[in-house]
There are 2 protein chains.
Amino acid sequence: MKVVGQKHSRVEILEKVTGQSVFGADVRLPTSFLIGKILRSPHAHARIQHIDTSKAERLPGVKAIVTATDLPPVRFGRFIWDQEYFARTKVRYVGDHVAAVAAVDEATAEKALELIKVDYEVLPAVTDALEAIRPDAPLIHEEYEHYKAAAMAVGRKGNVCFHKETVVGDSESGFRSSDRVFEHRFHIPMVHQTYIEPHTVLARVDASGRVTVWVPTQAQFFLRSCIADIFELPFIKVRVIPTEIGGGFGGKMLPTVEPAAVALARKSGRPVQIVMSRAEDFQCANPRHPCYARYKTGVKLDGTILAREVELVLGTGAYCGNGLVICVRAEMLAIGPYRIPNIKIDLSAVYTNHADCGPYRAPAGPQLAFTSESQIDLIARELGLDPVEMRLKNLIEDGDQTPASGGPLKDVHGKETLRKAADIAQWGTRPGEKNRGRGIALGYWLVGGMASSAGVKLNEDGTVTIMTGVIDLSGTVTSLGQIVAEVLGVDLADVHVRTADSDFAPHSTISAGSQGLRSMGTATKLAAEEVKNQIKQVAADKLEADTNDLEMEGKRVYVKGSVEKGLSLAQVAQLSLTHKRGPIVSVQSTPPFPNQPAFSAHVVDVEVDPDTGRVNLLRYVAAQDVGTAINPLSVVGQVQGAVLQGLGQAMSEACVFANGKMLNPTFLDYKIFSSLDAPTIEVHLVEHPSATGPFGAKGIGEPSLIPAPAAVANAISDALGVRICELPLSPERVLGAIQAQSKNP
Amino acid sequence: MKVVGQKHSRVEILEKVTGQSVFGADVRLPTSFLIGKILRSPHAHARIQHIDTSKAERLPGVKAIVTATDLPPVRFGRFIWDQEYFARTKVRYVGDHVAAVAAVDEATAEKALELIKVDYEVLPAVTDALEAIRPDAPLIHEEYEHYKAAAMAVGRKGNVCFHKETVVGDSESGFRSSDRVFEHRFHIPMVHQTYIEPHTVLARVDASGRVTVWVPTQAQFFLRSCIADIFELPFIKVRVIPTEIGGGFGGKMLPTVEPAAVALARKSGRPVQIVMSRAEDFQCANPRHPCYARYKTGVKLDGTILAREVELVLGTGAYCGNGLVICVRAEMLAIGPYRIPNIKIDLSAVYTNHADCGPYRAPAGPQLAFTSESQIDLIARELGLDPVEMRLKNLIEDGDQTPASGGPLKDVHGKETLRKAADIAQWGTRPGEKNRGRGIALGYWLVGGMASSAGVKLNEDGTVTIMTGVIDLSGTVTSLGQIVAEVLGVDLADVHVRTADSDFAPHSTISAGSQGLRSMGTATKLAAEEVKNQIKQVAADKLEADTNDLEMEGKRVYVKGSVEKGLSLAQVAQLSLTHKRGPIVSVQSTPPFPNQPAFSAHVVDVEVDPDTGRVNLLRYVAAQDVGTAINPLSVVGQVQGAVLQGLGQAMSEACVFANGKMLNPTFLDYKIFSSLDAPTIEVHLVEHPSATGPFGAKGIGEPSLIPAPAAVANAISDALGVRICELPLSPERVLGAIQAQSKNP
């Protein structure tokens, strides 16, 4: 292959680095726009008794105020079925939407928020999932049974909005047959996606009631659905124009500020921009689900796992409309990549008085790898086994199936990935002197792929344009360009690709779940192949040749073996305009993809300061099973970025609350990991073309986030012998664990 | 049919009437833009000796100045082969581009223009086509023979840039067999398209050198080609974003201000907007070709035409790059819709020191109808024949062919159209008292159709979106919506259509030549039909039925005969996302269309004031042969608009020059016809579904402009017996003719 598999910098890189890209808050319109602000609940749980907007309405410069009465009740919407955008009777978290104001400037809008008087009856709140699950916990959704989609939630009781038990074999009997049984409890706190660009939107409603939003979103077609749903509009009355996006990581899927802006634009008759403050975004967007877990695992002395029980409690926050898909995924991940004959999983998702949790890169992944990969490491050490060998003994292989796989699995490269990381990191050696340790962990992920469509057209000068609605978070469009260039025998420089909006793009999948390139790349490749056919048809007529005798390369189509007997693609494109087929163009669709396993394996060397608990990362090796790396530069970047995010969650990140109010909603107090905080991430790709995916590419965006927290925890354990079952592995927590160990060795 | 054939107001009407539509000069970007101004030649013909921009460059606020040296020489470009955008050695008309300036505001830009010093050697100029054709006329293009595409121009001599002789039979022998031979000379002056929105553009060049222009254009893909050509860029480095357009009428096809704005944006690194003043637009855009004609026609006493010689001289202005296609069309129209066994046409196009002429709604049409339809009327009156009967005797019918038709003609409805207009206007009666007269004229037009492509997609709620790059001048997108609604069995309100830009739209034809709906409608209908197939495939699987047994209507697909056994389109759309076919969407292409005859017939009643020469229009009947009227409201509007423009050219319009400088470049001095100036235009459609075109639609935008000048001239002749062979039929000219007649009765 000439283009696929080569390193290419992103096609839009110059726009990005020169600051010319237009992000959400950069959009300008022919007319000026109003500034919107959202009045949010100061209480974690309260009944709304009265909202008085009259004073605010009289403030000069205020152009519109909206509350729940301005929107149709959407509790029973298709997508967000347990939430009204503006609270009508109750607020359920600190930050819940109460009203919104549009004014001529920000100061006026903020002043107006202060003038809105809301009478609340404050209710007891519950913010911890284990407390929320108790029978006597304050009830967050009294009317849950009446929600239309509540059928999704099996066995509701109290605040539990989803409960599922998965049983394979007989775990009790498995434990009885085991030589040893281990039981541990874990806790992973809520973390935030921490994209650099906060949520923002510019909304316009035209004279015909048609809504246009300019918004950095990962999912323009899904967002279109949500807005149509909330405002009870046909889809063609909603246009989503995706701007450049300053990071999403799953956090820019669900509507946040968009409905408020649309409601204000509709009421005021003017465009309205809303930009979240950083604190608002931390407090009110859709963070990762916090998780409590109990793992009980029975093993033979040789490390063979015989039985496992997992009890999981996920906190969903105040609403779980979209979060349930993540609960389903949590179940799949709890089953994991090991052959375990007897499994029992008890999964509960429970409402709490927090912002509703949503997708975050590898949803449920790092939580369930931290638990499982910490425990397996712990068991290996207890049994005196090599943690790598113990994993290899139990890992699934091609043809295996798990209760979650829906059939025999293909393209399973977990063992090779694990071995590669171990080998490169010199697993068999020690990482040096005292207080140093080496940890390994495996990330297991299932990459799906939603149905998509994409188009390719040949321009009159022989260049090629891709027509796609895919949101480019991580180089997807560059890789799409490579795919098309490869199929058509042209250079990447001859292919143009940018993202069209929801009016003009063929239906595109969400840019999430590592599926962007797998799904869109497949649709785009199909379209390119059909364009190739069309090119050959037109050329065959002109060259008086059979299409089967034609080859394409070097921007030409020619009779096999005689390159001079041919036409340039420019000639073909111009011919097509007088040929019976007309302009050369194709749009093709692809159905959804089955879940495909993908692995990452991390080895980290740490040095722990026993006096401060500070963990210093010395070396980081990440191997990932990527199928074919369409653009290795991009794939390596994705792995490095994922590792960094995983390290943030391992080392420092947690949303800290008091009475439901976040105490650290700034980047000063909420420490994310940057490239300055970590050693070079040594990335090694395991490349085996996958049976599905364009040119054998697998989904690659998420897997390398997953094992990082477990790898670090295992390394700390290796260094000092202390096992920490709660994240983050902050100096305080590590020091606490060291001190506890020295008290109770 | 349920949607096609019904009257619908335009889908974008609310945006338009509330002022929300974004026209060329309305566009705003995230960053501010500079204002560009063009330095234009004050001379009709001069050699450039030196350009000194140094003073202008030092003016604070000036950000860029460009001249010919900033652009590659493009004399040999594919599209504009006899012109460099900025004059390098010579200026050839008053208004020719010499330089351009971008500055922080308009006043600074204008001041900078004054500071640019250009030394000219003024050359003798020639502005009249008959003078320009003389052997001793000043030569406008000395290097014509070296132009690459000059091969198009047969028999160049002096300023003649195109010459063609067409001979059928033997006109001399035809004249000898004739009972009477008539010879007349005609003159039609230059007129301007007088769109309300002048030429304007906003251009941006990004860090990678990629050009984006926001521009009201009739031909985004053609404009993309031109810009790519001028700047020697691949097509994918040029993006044309068409804004709403405030009228085009053929005048917004060729680049005017765009290259200057792009050059300035590239040099300054900032976006640049250029808005032409009205005077600039009048003086420097692409007006209609002025025309001199000599018609010699031999007839038998019964009115049978035996022979015709036509000598045509078209003035092309200083450049003829794009104008030559109009010359070719002039030849076809000179042959006309009458069966004439002996024809000789001598057509010359000649350079003059005017702005280069370009397309104007029905290019060459009104000129050659004024000549031919005036003469045929005159002959009928001389022979004592009814002008209607004489036309009917000679008119072509289905199956006839002409030297221009390239085979037997189909869908020929000239006779019926003529009869319909005559009948409704009570042709057999007299229009009342003294000084009143009634005139009839026939318009003949050949509608082509370029290759196009278009897409249709089904949204998840069952609504439908059309993906098209067609520019909507006259309701085209509304009609596309009707076509798709008809095919898919939904309402027009369920279909969305707006124009995508050159990046995202499938290749679309120009919106000119009456072909928009014929070509784009066909491609769109093909795409809708394929979407219908896809819907049936998905539904058939779910309903366990054969696709052939399925029907679609009322937004549902169901088994024939049992409407309840079916699915809504929303259900099908959602099913498709999990079905093996994936999202329902199709893009289809259509090849070019053969020329198709189209007729219009006008009858006008006038009253002439013999003391002032003022012509008062009393009644106006227009019949047009339209195939199927997809949207009769739109079609009637098109006919009325075309008649009004024809009446302007008949009654009052002419660009008046002195030394190449236009003397009347304002709407005060250049009188266009508005609805206040004319009686109600009574429109009658002749509907016979055409063999080509969607649902049998013909091209309809141009034919009704064509006969208006001849109809009025014929009515004046009927009223007073004076025959005027020059346009416009202004009070001065009519009075002059009356006075001349009274001197030489």
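Right above here is the structure, for reference.
What counts, and where the lines are drawn
- Residues numbered from 1 in each chain as written.
- Chains lettered and ligands numbered in written order.
- Predicted model: local features only at pLDDT ≥ 70, side-chain atom pairs only at ≥ 80, totals over all residues.
- Heavy atoms only, no water.
- Contact = heavy atoms within 4.5 Å.
- Buried area = accessible area lost by both parts, 1.4 Å probe.
- Salt bridge = Lys/Arg side-chain N within 4 Å of Asp/Glu carboxyl O.
- Pairing = 2+ DSSP bridges.
- Helix = DSSP H or I, 4+ residues; strand = E, 2+ residues; numbered from the N terminus.
- Axes fitted to C-alpha atoms, helices over the stretch in contact; angles between N-to-C directions.
- Parallel < 35°, antiparallel > 145°, perpendicular 65-115°, else oblique.
- Nonpolar A, V, L, I, M, F, W, Y, C, P; charged D, E, K, R; others polar.
- Buried < 20%, exposed > 50% of the residue type's maximum accessible area, 1.4 Å probe, protein only.
- Core = buried A, V, L, I, M, F, W, Y, C linked by side-chain atoms within 4.5 Å.
- Disulfide = S-S within 2.5 Å.
- Phe/Tyr/Trp six-rings, centres within 6.5 Å; stacked < 30°, edge-to-face > 60°.
- Lys NZ or Arg CZ within 6 Å of the ring centre and 35° of its normal.
- Least-squares fit on C-alpha atoms with pLDDT ≥ 70 in both.
- Polar contact = N/O pair within 3.5 Å; in protein donor to acceptor, adjacent residues only side chain to side chain.
- Left-handed = near helix turned anticlockwise from the far one by under 90°.
- Patch = residues over 30% accessible without salt bridge, like charges linked within 9 Å, V, L, I, M, F, W, Y side chains within 5 Å.
- Areas by Shrake-Rupley, 256 points an atom, 1.4 Å probe, with all protein chains shown as cover.

Trainee: Please explain the interface of chain B and chain A as it appears in this structure.
Mentor: Accessible area lost when the parts come together is the quantity often used to give the size of an interface. The partner chain A presents 59 residues to the 59 residues of chain B that form the contact. Regarding the contact of chain B and chain A, the summed buried area is about 4500 Å², with carbon and sulfur atoms giving 61% of it. Three residues stand out in chain B for area buried against chain A, namely Ile236, Glu460 and Phe504 of chain B, and they jointly supply 15% of the buried area on that side. On inspection of chain B and its partner chain A, the count reaches two salt bridges. For Arg224 of chain B, the salt bridge identified is with Glu460 of chain A, shortest N-O distance 3.1 Å.

Trainee: Can you walk me through the sheet that holds strand E19 (residues 495–499) of chain A in this structure?
Mentor: The strands making up a sheet are joined through hydrogen bonds of the backbone, oriented either antiparallel or parallel. Residue and element names in this part refer to chain A. What the four strands build is an open sheet, ordered E19-E18-E17-E23; its pairing is mixed. The sheet terminates laterally at E19 and strand E23 (585–590), the two strands that pair on one side only. For this sheet, the mean inter-axis angle between neighbouring strands, taken without regard to orientation, is 20°. Bridging between strand E17 (residues 452–458) and strand E18 (residues 464–468) involves four bridges; their strand directions are antiparallel. From the neighbouring strand, Lys457 faces E18, where its bridge partner is Thr465.

Trainee: Would you take a moment to explain the sheet that holds strand E2 (residues 46–52) of chain B for this structure?
Mentor: Spatially, E4-E2-E6 (chain B) is the arrangement adopted by the three strands of the open sheet, whose pairing is antiparallel. A strand with exactly one partner marks an edge of an open sheet, and here the two such strands are strand E4 (90–91) and strand E6 (117–122) of chain B.

Trainee: Would you mind going over the packing of helix H14 (residues 516–543) of chain A against helix H15 (residues 569–576) of chain A with me for this structure?
Mentor: Two quantities define a packed helix pair, namely the angle between the axes and the distance from one axis to the other. All names here are of chain A. Relative orientation of the contacting elements H14 and H15 amounts to 85°, with a least axis distance of 9 Å. Relative to H15, the element H14 is oriented roughly perpendicular. Residue-level contacts link Ile535, Val538, Ala539 and Lys542 of H14 to Leu569, Val572, Leu575 and Ser576 of H15. Across the contact of H14 with H15, the residue classes break down as six nonpolar, one polar and one charged.

Trainee: Which parts of the structure should I look at to understand the environment of Pro403 of chain B?
Mentor: All names here are of chain B. Within the fold, Pro403 resides in the loop between helix H11 (387–394) and helix H12 (414–424). When the C-alpha positions of Pro403 and Phe86 are compared, they lie 40 Å apart, and in sequence the two are 317 residues distant. Those residues in contact with Pro403, other than ones at most four positions away along the chain, are Val168 and Ile335.

Trainee: How do you make sense of unusual backbone geometry when you look at a structure like this?
Mentor: A negative phi angle is the norm for most residues apart from glycine, just as the trans form is the norm for most peptide bonds. Residue and element names in this part refer to chain A. Going from Leu727 to Pro728, the amide bond is cis rather than trans, its omega being -5°. Considering the arrangement of structural elements, one finds Pro728 in the loop between helix H17 (708–720) and helix H18 (731–743). In this structure, Phe249 is a non-glycine residue whose phi angle is positive, near 55°. In this structure, Phe249 sits in the loop between strand E11 (238–242) and helix H7 (258–268). Taking relative accessible area as the criterion, Phe249 reaches 28% and is therefore assigned partly exposed. The phi dihedral of Ala364 falls on the positive side, at around 70°, and the residue is not glycine. With respect to the helices and strands, Ala364 occurs in the loop between strand E15 (342–351) and helix H10 (365–383). With relative accessibility at 3%, the residue Ala364 sits in the buried group.

Trainee: Which parts of the structure should I look at to understand the nonpolar core?
Mentor: Residues Leu312, Val608, Leu617, Leu647, Val712 and Ile716 of chain B are the most contacted members of the largest nonpolar core, which totals 114 residues. Counting residues per element, this core draws most heavily on helix H17 (residues 708–720) of chain B, which supplies nine residues. Not counting chain neighbours up to four residues away, the residues in contact with Val712 of chain B comprise Val604, Leu617, Leu647, Ala650, Met651 and Leu729 of chain B. Counting residues in each nonpolar core, the second largest holds 113 residues, with Cys320, Val447, Phe599 and Val722 of chain A among its members.

Trainee: It is not clear to me how the pattern of salt bridges should be interpreted in this structure. Could you clarify?
Mentor: Pairs may arise between side chains of opposite charge once their charged atoms sit close together. All names here are of chain A. All told, the structure shown has 88 salt bridges over all chains when counted by the stated rule. Linking Asp501 and Arg239 is a salt bridge whose minimum nitrogen-to-oxygen distance equals 2.6 Å. Residue Asp501 is located in the loop between E19 and H14, and its partner Arg239 is located in strand E11; the two are separated by 262 residues in the primary sequence. The same class applies to Asp501 and to Arg239, which are both buried. Each of Glu373, Asp377, Arg381, Arg391, Arg430, Asp718 and Arg723 takes part in one network of salt bridges that share partners.

Trainee: How do you make sense of the state of the cysteines when you look at a structure like this?
Mentor: By definition, a disulfide links the sulfur atoms of two cysteines through a covalent bond. Evaluation of the coordinates by the stated rule reveals zero disulfides over all chains. For Cys291 of chain A, which is in no disulfide, the shortest distance to another cysteine sulfur is to Cys327 of chain A and amounts to 10 Å. Cys291 of chain A gets classed as buried once you look at its relative accessible area, which sits at 1%. No disulfide involves Cys655 of chain B; its nearest neighbouring cysteine sulfur is the one of Cys357 of chain B, lying 8.7 Å away. Overall, the relative accessible area of 8% leaves Cys655 of chain B in the buried class.

Trainee: Teacher, can you tell me more about the packing of aromatic side chains here?
Mentor: Both the distance between ring centres and the angle between the ring planes are used here to describe each pair of aromatic rings. Taken as a whole and judged by the stated rule, the model has 14 aromatic pairs over all chains. Here Phe186 of chain A and Tyr295 of chain A contribute two aromatic rings whose centre-to-centre distance is 6.1 Å and whose plane-to-plane angle is 90°, an arrangement assigned as edge-to-face. Here the residue Phe186 of chain A occupies a position in strand E8 (residues 180–188), and Tyr295 of chain A occupies one in strand E13 (residues 291–299), the gap between them amounting to 109 residues. Ring plane angle 70° and centroid distance 5.5 Å describe the contact between Phe282 of chain B and Phe667 of chain B, whose orientation is recorded as edge-to-face. Taken together, the residues Phe282 of chain B in helix H8 (residues 278–284) and Phe667 of chain B in the loop between strand E27 (661–662) and strand E28 (681–686) connect sequence positions 385 residues apart. Classification of Phe282 of chain B by relative accessible area gives buried; the value is 2%. Taken together, Phe186, Tyr295 and Phe370 of chain A form an aromatic cluster joined through their ring pairs. Across the ring face of Phe175 of chain A, the terminal group of Lys296 of chain A is positioned such that the distance to the ring centre comes to 4.6 Å. Across from the ring centre of Trp445 of chain B, 4.4 Å away, lies the NZ or CZ of Arg329 of chain B, which sits over that ring.

Trainee: Help me out: how do you make sense of the pairing of strand E12 (residues 272–275) of chain A in this one?
Mentor: Here is the key point about a regular strand: its side chains alternate between the two faces of the sheet. All names here are of chain A. Pairing analysis gives two bridges linking strand E1 (residues 34–40) to E12, with the strands arranged parallel. By the bridge assignment for E12, Leu34 is matched with Val272. Of the pairings in the sheet, the one linking strand E9 (residues 200–205) to E12 comprises four bridges and is antiparallel in character. Looking at E12, one finds that Ala203 is bridged to Val272.

Trainee: Just checking my understanding: could you explain the relation of the copies chain B and chain A for this structure?
Mentor: The pair of chain copies shares a relation made of a rotation about an axis and a shift along it. Structural alignment of chain B on chain A gives an RMSD of 0.0 Å, achieved by rotating through 180° and translating 0.0 Å along the axis. Here the symmetry operator amounts to a two-fold rotation axis. Both copies contact each other with a shared surface, as 100% of the interface residues of chain B are interface residues in chain A too.

Trainee: I'm lost on the side chain of Thr53 of chain A in this one. Help?
Mentor: Residue and element names in this part refer to chain A. Checked against the element boundaries, Thr53 lands in the loop between strand E2 (46–52) and helix H2 (54–58). Residue class for Thr53 comes out buried when judged on its relative accessible area of 14%. A polar atom in the side chain of Thr53 sits 2.6 Å from the side chain of Glu57. In contact with Thr53, other than residues within four places in its own chain, are Ile65, Thr67 and Ile116.

Trainee: What is the right way to read the packing of helix H13 (residues 476–488) of chain A against H14 of chain A from this model?
Mentor: All names here are of chain A. At a minimum axis distance of 9 Å, the contact between H13 and H14 shows a crossing angle of 30°. Judged on the interaxial angle alone, H14 and H13 are roughly parallel. Our pair here, H13 against H14, has a crossing hand that is right-handed. Of H14, the residues touching H13 (which contributes Thr476, Ser479, Leu480, Ile483, Val484, Val487 and Leu488) are Gly516, Leu517, Met520, Gly521, Thr524, Lys525, Ala528, Glu529, Val531, Lys532 and Ile535. Here the residues of the contact of H13 with H14 sort into ten nonpolar, five polar and three charged.

Trainee: Sorry, what's going on with a nonpolar patch on the surface here?
Mentor: Residue and element names in this part refer to chain A. Together, Ile13, Leu14 and Val17 make up an exposed nonpolar region whose accessible area comes to about 260 Å². Its location among the elements puts Leu14 in helix H1 (residues 13–17). Classification of Leu14 as partly exposed rests on a relative accessible area of 40%.

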